[in-house]
Every structure is written in structure tokens, then in C-alpha cells.
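Structural overview for review
Given next are the chains, with one letter for each unit.
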Amino acid sequence: MTQAASPSDNNHRHEQKKEHNQSFDDKIFYTNVDSCQHFVKLVWKSPPKNVLMVKKREDKTITTHLDEIGLWLNQTYDVNIYVEPLVKETELSRFNTFSTEELPLSYQKFDFIICLGGDGTLLHVNSLFKDRVPPVMAFYCGTLGFLTPILVPTVMALYCGTLGCLTPFKITNFT
């Protein structure tokens, strides 16, 4: 006859599960931070170096935000900023890009992605990659904003704590 697990046994198993780290790749690892595994904590093994910034097309205000945030990240944290080829060609020539021959992209090319736009821009980010997508930090600049509830002015404050100190970053896990 087997004995039922006591509440303390269940709590111990829950704590072990909470502390389990999983490697995303050689750059970062993540830890589940809730029992339902809806949130994970990302921890970079070394400071992120390559960031892809994707923006809503043909929006001058968002282009200005992307330029300011990209310059700030580059100057403050020595991060390499990449934009899509068309954005580099027509709007922001100062940043790096990838060639269209590289599409779809490998998730290993970038440490994370900053998405400035709306739901359509966020879906576009997903279409750029062939398999997995690096962590995406999406900021609402669109007209609907169902998937991206964060406003652009909060970007610098978030990154000061996240990139500057290599602290864990809590994200929603959609896998």
C-alpha cells in the first residue's frame, strides 16, 4: 500500500521544480518562476551584445523612438543594434543589418529582440525566424495593442535594471 504525499512533500517538490534552470542556448538560461510555468526568468551568462530592433513600418514617431533607444543601448551598454535591411536603407543607416539572403534568420544571431509597434509588428518578428525566436521585448506603439501592453517611455528604465546589472528578467512563456 502506498502512502499519500504530505503537503510538505508536495511543497518540497514544487520548490525543486521552481529552482530548475534550463539552458536556452550558450548565451542565456531560464528558470520557471511560477507553478503553472507561465512566467520564466531569463539570465544572461554574459551581457547581451546583439539586439535586433524591429519597428512598425512607415511611422516617423516610432523611427525616432527606435533611433533614441538604439543609440542609448549602444552608447550605454556597448550593444550592437541591428535593424531590418529596408529600415537601414531608407530610415536609419547608422545601425547594422542582416542580408535578405539570411532570411529566415537563426535565433542564435541575436541575444534578444526589441519590437516597437503593434500586434502586426510582433507577428512580423516571428516570421523573420526559421525555428525558434530569441526573447522578444515588445513595446506598444500600435493602434490596438492587445499583445503588447508596455509603452515606449518605460524602455530605458527596464534596460537599466536588466542589462546593466545582468539581473534576471521575468517574461511570459508562450511555449
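Computed from a prediction, not measured in an experiment: that's the story for all the values here. (Residues numbered from 1 in each chain as written. Predicted model: local features only at pLDDT ≥ 70, side-chain atom pairs only at ≥ 80, totals over all residues. Heavy atoms only, no water.)

Now for the pattern of salt bridges. Overall, the coordinates contain five salt bridges when judged by the stated rule. We note a salt bridge from Asp78 to Lys49, for which the minimum N-O separation is 3.5 Å. Placement of the pair is Asp78 in the loop between helix 2 (60-77) and strand 5 (80-83) and Lys49 in the loop between strand 3 (39-44) and strand 4 (50-55), with a sequence separation of 29 residues. As a salt-bridge pair, Glu84 and Arg57 come within 4.0 Å of each other at their nearest N and O atoms. Note that Glu84 is positioned in the loop between strand 5 and helix 3 (85-90) and Arg57 in the loop between strand 4 and helix 2, a separation of 27 residues in sequence. Residue Glu84 is classed as buried on the basis of its relative accessible area of 8%. A relative accessible area of 53% places Arg57 in the exposed class. (Salt bridge = Lys/Arg side-chain N within 4 Å of Asp/Glu carboxyl O. Helix = DSSP H or I, 4+ residues; strand = E, 2+ residues; numbered from the N terminus. Buried < 20%, exposed > 50% of the residue type's maximum accessible area, 1.4 Å probe, protein only.)

As a further point, take unusual backbone geometry. Of note, the amide linkage connecting Leu103 to Pro104 takes the cis form, showing an omega dihedral of -10 degrees. Here Pro104 shows up in the loop between strand 6 (96-97) and strand 7 (112-117). One non-glycine residue with positive phi stands out, namely Glu58, at about 55 degrees. In this structure, Glu58 sits in the loop between strand 4 and helix 2. One non-glycine residue, Asp78, lies in the positive phi region at around 55 degrees.

Let us now look at the side chain of Asp111. Inspection of the secondary structure puts Asp111 in the loop between strand 6 and strand 7. Polar contacts involving the side chain of Asp111 include one to the main-chain amide nitrogen of Lys49, which spans 2.6 Å. (Polar contact = N/O pair within 3.5 Å; in protein donor to acceptor, adjacent residues only side chain to side chain.)

What follows concerns the nonpolar core. In this structure, Val51, Met53, Leu66, Leu73, Ile81, Ile114 and Leu116 are the most contacted members of the largest nonpolar core, which totals 21 residues. Elements represented by at least two residues in this core include exactly strand 4, helix 2, strand 5, strand 7 and strand 8 (136-140). Examining the composition of this core, we find that six residues originate from one element, helix 2, more than from any other. Ranked by size, the runner-up nonpolar core spans 13 residues in total, among them Val54, Leu105, Ile113 and Leu122. (Core = buried A, V, L, I, M, F, W, Y, C linked by side-chain atoms within 4.5 Å.)

This part covers helix 4 (residues 119-127). All of the buried residues along helix 4 are Asp119, Thr121, Leu122 and Val125. The buried residues of helix 4 all sit within an arc of 165 degrees when viewed along its axis, so they share a single face. Counted as exposed and oriented over 90 degrees from the buried face of helix 4: Gly120, Leu123 and Ser127. On its buried face, helix 4 is in contact with strand 4, strand 7 and strand 8. (Arc of directions from axis to C-beta. Contact = heavy atoms within 4.5 Å.)

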